[in-house]
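Close look at the chain arrangement
Chain by chain, the residues run as shown.
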Amino acid sequence: MSSTAGRVIRCKAAIAWEAGKPLAIEEVEVAPPQAMEVRLKILYTSLCHTDIFFWEAKGQTPLFPRILGHEAAGIVESVGEGVTELKPGDHVLPIFTGECKECAHCKSEESNLCELLRINTDRGVMIHDGKSRFSIKGQPIYHFLGTSTFSEYTVAHSGCVAKINPLAPLDKVCIVSCGFCTGMGATVNVAKPPKGSTVAVFGLGAVGLAAAEGARLCGASRIIGVDVNPRKFELAKNFGVTEFVNPKDHDKPVQEVLAEMTGGGVDRSLECSGNINSIISAFESVHDGWGVAVIVGIPNKDDVFKTNPMNFLCERTLKGTFFGHYRARSDIPIVVEKCLNKELELDKFITHSVTFPEINKAFELMLNGEGLRCVIRMEGC
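For clarity, every value in this text was computed on a predicted model and none was experimentally measured. (Residues numbered from 1 in each chain as written. Predicted model: local features only at pLDDT ≥ 70, side-chain atom pairs only at ≥ 80, totals over all residues. Heavy atoms only, no water.)

A look at the overall build of the protein
Helix and strand counts for the protein stand at 11 helices and 17 strands. Computed over its C-alpha atoms, the radius of gyration of the protein comes to 21 Å, within 12% of the 21 Å expected for a compact globule of 381 residues. Seen through its C-alpha atoms, the protein measures out along the principal axes to roughly 65 × 40 × 40 Å. Within the protein, buried positions represent 55% of all 381 residues. Considering only contacts in the protein between residues 6 or more positions apart, those separated by 24 or more positions represent 70%. (Helix = DSSP H or I, 4+ residues; strand = E, 2+ residues; numbered from the N terminus. Rg over C-alpha atoms; globule rule 2.2 N^0.38 Å. Buried < 20%, exposed > 50% of the residue type's maximum accessible area, 1.4 Å probe, protein only. Contact = heavy atoms within 4.5 Å.)

Rendered as structure tokens:
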């Protein structure tokens, strides 16, 4: 039993007090885990564009003060009542969309959208009692995606925690808990491009490049990267991208450009930016008869998808996916094993590293379009 089990832990956390303002490193109180919850010591976390999205709060419901962060790795500090599959000392990845293993979705082979623990961007409290486990001088601080990993300690539902091989390097596999699997899984689990096919990836951030890497592993013959930032093109070659299209370089819709390049359209497309116009372009760029487009990026809540219904009648398919159709507890440990066995490569996705007090630098890097993933080292802050 941990010496801190059952007690409030005081630690450092990066607080988002209001939209778009730099995070403040402050001391928070982290309450003990309640029924079916675990308290984790976060060792490494990384910044995902979703954190930026909700920090800016431009297209979603603002909820502050809040502890952001959802892509991380750590160790179980203590467990609450009823938790049997995890124990103190276990190496784990917190996952923003969980797996209760009991609901209809978890029992179905076709879904990873757990009824109890699916992603909920508006919830800032724990499911058990509707309260936060974080506070500063009695003021509750809201949770984020059930993970809140920009804190030295956090509390999560046990169904949102994947136990992994303790030999896995936590400073690398932390990115498995969101961006890498979201992109990789969107390709290999959802789009499923046949060998020799042509794939277009819209948005060449970390998620998009993971999607491109998935297309490469599936044996795609052409992988076309679509992005408005030409600085990303050279880097994308390391992830299998064979050709590049910058929509700004053309005086016609990018879907028409892709149709001309490929003789009617690509076999598969993956939209990884969340931009609604890009989503429409990704769908309209796939070939009639067999083309499949997959939405990966998160659009603004008020966005409306518009296209000619004939695009569907001509047997184009549009799909969506959360977390690459991976299940938090069942699938993620397997993905980590593939990383350990060198079947999947993580190192090339991690381009920067900072200490926890430098967390705002990670935000600056992403806002400036520099690098892919910045890993934040929590210890020694």
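What follows picks up the thread again.
Some thoughts on empty space enclosed by the protein
A full pass over the atoms with the stated rule returns 2 cavities of 30 Å³ or more. Approximately 180 Å³ is the volume attributed to the largest cavity. Forming the boundary of the largest cavity are 15 residues, of which R123, I127, L145, G146 and C160 lie nearest the centre. Residues that form the lining of the largest cavity fall into these classes: 10 nonpolar, 3 polar and 2 charged. (1 Å grid on protein atoms, 1.4 Å probe; cavity = no way out; pocket = protein on both sides within 12 Å on 5 of 7 lines; lining within 4 Å. Points joined across faces, edges and corners; volume = space filled by probe spheres on them. Nonpolar A, V, L, I, M, F, W, Y, C, P; charged D, E, K, R; others polar.)

Looking at the environment of L68
Mapped onto the elements of the fold, L68 is located in the loop between helix 1 (49-56) and strand 4 (71-79). We classify L68 as buried; its relative accessible area is 1%. Among residues more than four places away in sequence, those in contact with L68 are A16, D51, W55, F144, S148, T149 and F150.

What to know about the side chain of H287
By the element assignment, H287 lies in the loop between helix 8 (276-284) and strand 14 (292-295). Take H287: its relative accessible area is 13%, and that puts it in the buried class. With residues up to four places along the chain from it excluded, the contact list for H287 reads G263, G264, G265, V266 and R316.

A word on the pairing of strand 13 (residues 268-271)
The alternating pattern of strand 13 places R268 and L270 and S269 and E271 on opposite faces, both of which are buried. Strand direction decides the pairing type here: strand 10 (residues 198-202) and strand 13, joined by 4 bridges, are parallel. Each residue of the ladder has a partner; that of V201, found in strand 13, is L270. Of the pairings in the sheet, the one linking strand 13 to strand 14 comprises 4 bridges and is parallel in character. Across the sheet, the residue bridging to S269 is A293, located in strand 14. (Pairing = 2+ DSSP bridges.)

Remarks on the side chain of D90
With respect to the helices, strands and loops of the structure, D90 is situated in the loop between strand 4 and strand 5 (91-94). Only 2.8 Å separates the side chain of D90 from the backbone nitrogen of K87, close enough to count as a polar contact. Not counting chain neighbours up to four residues away, the residues in contact with D90 comprise G74, I75, V76, E85 and K163. (Polar contact = N/O pair within 3.5 Å; in protein donor to acceptor, adjacent residues only side chain to side chain.)

Examining the packing of aromatic side chains
In the structure shown here, the tally under the stated rule is 11 aromatic pairs. Plain terms: the ring middles of F53 and F54 are 5.4 Å apart, the flat faces sit at 90° to each other, and that makes the pair edge-to-face. A single burial state applies to F53 and to F54, both of which are buried. An aromatic cluster of three or more residues is present, and its members are F53, F54 and F144. (Phe/Tyr/Trp six-rings, centres within 6.5 Å; stacked < 30°, edge-to-face > 60°.)

Describing the layout of surface pockets
Estimates place the volume of the second largest pocket at around 310 Å³. As for the second largest pocket, its lining consists of 17 residues, of which M36, E85, S158, G159 and R329 are closest to the centre. The dominant element in the lining of the second largest pocket, judged by the number of residues it contributes, is strand 9 (residues 161-163), at 3 residues. Taken together, the residues of the lining of the second largest pocket break down into 7 nonpolar, 5 polar and 5 charged.

Here we look at the pairing of strand 2 (residues 24-30)
Two elements, strand 1 (residues 9-15) and strand 2, share 7 bridges in a ladder whose sense is antiparallel. Note that in strand 2 the partner of C11 across the bridge is V28. In the sheet, strand 2 pairs with strand 6 (residues 134-136) via 2 bridges, with the strands oriented antiparallel. Bridging across to strand 6, E29 finds its partner in S135.

What about helix 10 (residues 332-340)?
I332, V335, V336 and C339 are the residues of helix 10 that are buried. Taken around the axis of helix 10, the buried residues stretch over an arc of 100°, which confines them to a single face. As for helix 10, its buried residues are in contact with strand 5, strand 9, helix 3 (170-173) and helix 4 (179-191). Immediately downstream of helix 10, the backbone of K342 shows phi near 70°, a positive value. (Arc of directions from axis to C-beta.)

Concerning the packing of helix 1 against helix 11 (residues 359-367)
Helix-helix packing is characterised by the crossing angle of the two axes and by the distance between the axes. Two elements in contact, helix 1 and helix 11, have axes separated by 11 Å at closest approach and are oriented at 100°. The angle between helix 1 and helix 11 places the two elements in the roughly perpendicular class. Across from H49, I52, W55 and E56 in helix 1, the residues of helix 11 making contact are F363, M366 and L367. Per-class residue counts for the contact of helix 1 with helix 11 are 5 nonpolar, 1 polar and 1 charged. (Axes fitted to C-alpha atoms, helices over the stretch in contact; angles between N-to-C directions. Parallel < 35°, antiparallel > 145°, perpendicular 65-115°, else oblique.)

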